[in-house]
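Residue-level structure breakdown
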Amino acid sequence: MPTRQEQLLDAAIAILGGQGVRHLTHRAVDAAAGLPAGSTSNYFKTRDALVEAVVDRFAMREQAVWETIAGLVRPNTPDELASALAAFVHRATGEERATTLARYSLFVEAALRPTLRQKLAETAEAIRDWAAQWLRDLGSADPHADSRLILDQLDGIMLHRLTFPDPAAEPTQQITKLVRAVVGKKVIDQGLSA
């Protein structure tokens, strides 16, 4: 059961993902959380304090999601990794659409406010580390660089799916080509030299 503060922050994330950063006010968060007026300002005196707390809560939630994924996904081939990443993209742009939109809203805020950047950067680095481990296991010669490349491309794919939704556009093939291009050839080359 989330605490009252977590309820408020989760409501703020929902506002970011559903209405955008412009609508993130103390009053809107109170209403979205179904709590009495003034609840948000009791915890977060200023809008800046609210946004900073939202970044912390979002980072915690995102890290928990990736910890779960890292615990469940054990790809043995580039195609298995691509399939897992495609499933993540489908979920992030489907049932978790609002959360993903909130994520991009926070990215824009972090670009404008360096104080927010550090927390998001720490979370991004932890996610890259999990992906790097998968890539290392698949034979990547430079798993950290490959991880950054693949995850940055996934961000672009998700952003385009959110901005220009096209039910006919299926990202699985794109993601498979990407992962094969980054890792597949290295794995094949290693297999041939063995």
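Summarised in this report is the structure supplied together with it.

Procedures and definitions
By convention here, each chain's residues receive numbers from 1 onward along its written sequence. The model is predicted, so local features are restricted to residues of pLDDT at least 70 and side-chain atom pairs to those at 80 or more, both for listing and for counting; the totals for chains, interfaces and linings are taken over all residues. Working from all heavy atoms in the structure, the side-chain values ignore hydrogens and water. The term salt bridge refers to a side-chain nitrogen of Lys or Arg lying within 4 Å of a carboxyl oxygen of Asp or Glu. When accessible area is computed with a 1.4 Å probe and restricted to protein chains, residues below 20% of their type maximum are described as buried, those above 50% as exposed, and intermediate ones as partly exposed. The helix and strand labels rest on DSSP assignments: H or I over at least four residues marks a helix, E over at least two residues marks a strand, and numbering proceeds from the N terminus. Contact definition: two residues touch when any of their heavy atoms are within 4.5 Å. By convention, a stacked pair of Phe, Tyr or Trp rings (six-membered ring in the case of Trp) has centres within 6.5 Å and planes under 30 degrees apart, an edge-to-face pair has planes over 60 apart, and any other such pair is tilted. Each ring is checked for a lysine NZ or an arginine CZ that lies within 6 Å of its centre and within 35 degrees of its normal; such an atom marks a charge sitting over the ring. Each cavity reported here is a set of points on a 1 Å grid over the protein atoms alone in which a 1.4 Å probe fits but cannot get out, each pocket an open set with protein on both sides within 12 Å along at least five of seven lines, and each lining residue one with an atom within 4 Å of a point. Grid points are joined across faces, edges and corners, and a volume is the space filled by probe spheres set on the points. Three categories are distinguished: nonpolar for Ala, Val, Leu, Ile, Met, Phe, Trp, Tyr, Cys and Pro, charged for Asp, Glu, Lys and Arg, and polar for the others, with Gly belonging to the last.

So, about the pattern of salt bridges. One pass over the full model with this rule turns up 11 salt bridges. Glu95 is paired through a salt bridge with Arg91; the nearest N and O atoms lie 3.3 Å apart. Given a relative accessible area of 46%, Arg91 falls into the partly exposed group. Shared partners join several salt bridges into a network, and the residues in it are Glu6, Asp10, Arg57 and Arg61.

In this fold, Thr100 is placed in helix α6 (residues 97-112). Overall, Thr100 belongs to the buried group, its relative accessible area being 7%. What Thr100 contacts, discounting residues up to four positions off in sequence, is Ala92 and Leu162.

Before going further, it helps to spend a moment on the packing of aromatic side chains. Inspection of every chain in the model, using the stated rule, returns four aromatic pairs. Geometrically, the ring pair formed by Trp66 and Phe88 is tilted, given 4.7 Å between the ring centres and 50° between the ring planes. Placement of the pair is Trp66 in helix α4 (residues 47-72) and Phe88 in helix α5 (residues 78-93), with a sequence separation of 22 residues. Residues Trp66 and Phe88 agree in their burial class; the two are buried. Among the aromatic residues, ring-to-ring pairing joins Trp66, Phe88 and Trp134 into one connected group. Its end group placed over the ring of Tyr104, Arg103 keeps NZ or CZ at 5.5 Å from the ring centre.

Okay, empty space enclosed by the protein next. Tallied over the full model, the rule gives one cavity of 30 Å³ or more. Roughly 40 Å³ of volume is contained in the largest cavity. Leu81, Leu85, Ala131, Trp134, Leu135, Ser147, Ile150 and Leu151 are the residues that line the largest cavity. Counting residues per element, the ones that place at least two in the lining of the largest cavity are α5, α7 (114-137) and α8 (143-163). Considering only residue class, the lining of the largest cavity consists of seven nonpolar, one polar and no charged.

Looking at where Ala181 falls in the secondary structure, it is placed in helix α9 (residues 171-193). Expressed as a C-alpha distance, the spacing of Ala181 and Ala14, which sit 167 residues apart in the sequence, is 36 Å.

Here the largest pocket defines a volume of roughly 360 Å³. In terms of lining residues, the largest pocket is bounded by 18 residues, among which Arg103, Phe107, Ala124, Arg128 and Asp155 are the most central. Among the secondary structure elements, those contributing two or more residues to the lining of the largest pocket are α4, α6, α7 and α8. When residues of the lining of the largest pocket are assigned to their parent elements, the largest contribution, six residues, is made by α7. For the lining of the largest pocket, the per-class residue count stands at 12 nonpolar, no polar and six charged. Approximately 260 Å³ is the volume found for the second largest pocket.

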